[in-house]
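# A closer look at the structure
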Amino acid sequence: MASREIARPNAPSFDQTEINWDKLDKTKLFVVGAGIFSGVTVALYPLSVIKTRMQVASSDVVQKNAFSAFRNMLKVDGIPGLYRGFGTVITGAVPARIIFLTSLETTKVASLNLVEPFKLSEPVQAALANGIAGMSASLCSQAVFVPIDVVSQKLMVQGYSGFAKYNGGFDVARKIIKSDGIRGLYRGFGLSVMTYSPSSAVWWASYGSSQRVIWRLLGHGNDKENVPSQSKIVCVQATGGIIAGAVASCVTTPLDTIKTRLQVMDNMQKQNVRQVIKRLIAEDGWKGFYRGLGPRFVSMSAWGTTMIVAYEYLKRLCAVSEET
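It should be emphasised that the depicted structure is a prediction, and the values quoted were computed from it without experimental measurement. (Residues numbered from 1 in each chain as written. Predicted model: local features only at pLDDT ≥ 70, side-chain atom pairs only at ≥ 80, totals over all residues. Heavy atoms only, no water.)

Moving on, we come to a nonpolar patch on the surface. Together, Phe118, Leu120, Val124, Leu128 and Ile132 give the surface a local cluster of nonpolar side chains, amounting to about 430 Å² of exposed area. Tracing the chain through its elements places Leu128 in helix 6 (residues 122–157). (Patch = residues over 30% accessible without salt bridge, like charges linked within 9 Å, V, L, I, M, F, W, Y side chains within 5 Å. Areas by Shrake-Rupley, 256 points an atom, 1.4 Å probe, with all protein chains shown as cover. Salt bridge = Lys/Arg side-chain N within 4 Å of Asp/Glu carboxyl O. Helix = DSSP H or I, 4+ residues; strand = E, 2+ residues; numbered from the N terminus.)

Another aspect to go through is the packing of aromatic side chains. Overall, the coordinates contain 11 aromatic pairs when judged by the stated rule. Judged by centre distance (6.4 Å) and plane angle (40°), the rings of Phe37 and Tyr311 are tilted. Here Phe37 is found in helix 3 (residues 26–56), whereas its partner Tyr311 is found in helix 11 (residues 293–318), with 274 residues between them in sequence. Owing to a relative accessible area of 1%, Tyr311 belongs among the buried residues under this scheme. One aromatic cluster is present, formed by Tyr45, Tyr83 and Phe86 through successive ring pairs. (Phe/Tyr/Trp six-rings, centres within 6.5 Å; stacked < 30°, edge-to-face > 60°. Buried < 20%, exposed > 50% of the residue type's maximum accessible area, 1.4 Å probe, protein only.)

By the definition in use, this model includes 16 salt bridges. A salt bridge links Lys259 to Asp149, with the nearest nitrogen and oxygen atoms 3.0 Å apart. Of this pair, Lys259 sits in helix 9 (residues 230–264) while Asp149 sits in helix 6, and the two are 110 residues apart along the sequence. Take Lys259 and Asp149: they sit in the same class, and that class is buried. The salt bridge partner of Arg291 is Glu283, with a shortest N-O separation of 3.4 Å. Judged by relative accessible area, which is 6%, Arg291 ranks as buried. The class of Glu283 is partly exposed, set by a relative accessible area of 22%. Among the ionic contacts, a cluster of salt bridges with common partners joins Lys51, Asp149, Asp256, Lys259 and Arg296.

This next bit is on the nonpolar core. Grouped together as the largest cluster of nonpolar side chains are 22 residues, with contacts concentrated most on Leu29, Leu104, Trp203, Trp204, Met307, Ile308 and Tyr311. Counting residues per element, the ones that place at least two in this core are helix 3, helix 5 (86–115), helix 6, helix 8 (189–217), helix 9 and helix 11. A per-element tally of this core places helix 11 first, with six residues. What Trp203 contacts, discounting residues up to four positions off in sequence, is Gly241, Ala244, Gly245, Ala248, Met300, Gly304, Met307 and Ile308. (Core = buried A, V, L, I, M, F, W, Y, C linked by side-chain atoms within 4.5 Å. Contact = heavy atoms within 4.5 Å.)

Right, let's get into the UniProt feature "transmembrane region" (unreviewed entry) in the protein chain. The UniProt entry lists residues 29–47 under the feature "transmembrane region" (unreviewed entry), expressed in the numbering used here. Regarding residues 29–47, the helix share stands at 100% and the strand share at 0%, and the terminal C-alpha atoms are separated by 27 Å. (UniProt positions renumbered as here; feature names shortened; annotations may be inferred.)

Right, let's talk about the packing of helix 3 against helix 4 (residues 66–77) for a bit. Interhelical geometry of helix 3 versus helix 4 gives an angle of 105° and a closest axis separation of 10 Å. Between helix 3 and helix 4, the angle falls in the class roughly perpendicular. Judged by residue contacts, Val49, Ile50, Arg53 and Met54 of helix 3 engage Ala66, Ala69, Phe70, Met73 and Asp77 from helix 4. For the contact of helix 3 with helix 4, the class distribution of residues is seven nonpolar, no polar and two charged. (Axes fitted to C-alpha atoms, helices over the stretch in contact; angles between N-to-C directions. Parallel < 35°, antiparallel > 145°, perpendicular 65-115°, else oblique. Nonpolar A, V, L, I, M, F, W, Y, C, P; charged D, E, K, R; others polar.)

Mapped onto the secondary structure, Gly159 falls in the loop between helix 6 and helix 7 (169–180). A relative accessible area of 45% means that Gly159 is categorised as partly exposed. Beyond its immediate chain neighbours, meaning those up to four positions away, Gly159 contacts Ala164 and Lys165.

Moving on, we come to unusual backbone geometry. Even without being glycine, Lys119 reaches a positive phi, approximately 55°. Looking at the element boundaries, Lys119 is found in the loop between helix 5 and helix 6. Residue classification places Lys119 among the exposed positions, given a relative accessible area of 73%.

Structure, rendered in structure tokens:
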């Protein structure tokens, strides 16, 4: 009976596939979610390492493609090389995701109420509300995420293409603070905001609108009686995640490449954004801005699809029954 209440069969089918923030057990969501998303991070983290190394490689060591970069890393560092900086990332990921998800869900509800009076089509409403929510969530989580990003990326590229070596995340943080102060941990913060906030907005907007379009193509529209099965819901959500990852990766990879290069520089290599852009163009032409696009596309699509399916399942798992 409780599962039928959660599905809310008297509401439009779109509502049955989405569970609002006020219907969730937040404690259960954060505790179980930490475990689920940590598992996803373990599976997909190597793609981030490969992408980062491709983006920062100097012209004399740049890998032709992701596979050659992967093969070279295995040859030199073995499996541990694919997980450099993982401890730092997984430690900071829990608070960052709590902030992100809380902001995402609360802003999404407010945004839907904001755009509803304009009588826009459902895909457009979903794109606007999800896009605003995604950007807001990214902005709120950057304060935690950027220092973790800076430290982990230095660990990812240590000893590679002339970069310094470190004795773990604390050693990186200590040396950054010693040379640049706390602001050193926020190197590239502006570009991170410019990269991740639009990326998050594009991802969530694409996901929200593509879902609506897919549901209509499948004939569910605003049908209140024709309730989609759980397997169909998962398939639609996974497809939406792939579409969102493809769009977001293509739009934001140039900014991500510039940001990554700025963040991994040491004091001897310091450059501003303009100098980084000039060097990229000199080394590889305009295509240099899309270094690591393949791994980033796969990572964003795989991460987005896995994340959204896991997250939507988690929401159904943590939904509070209306029965008392």
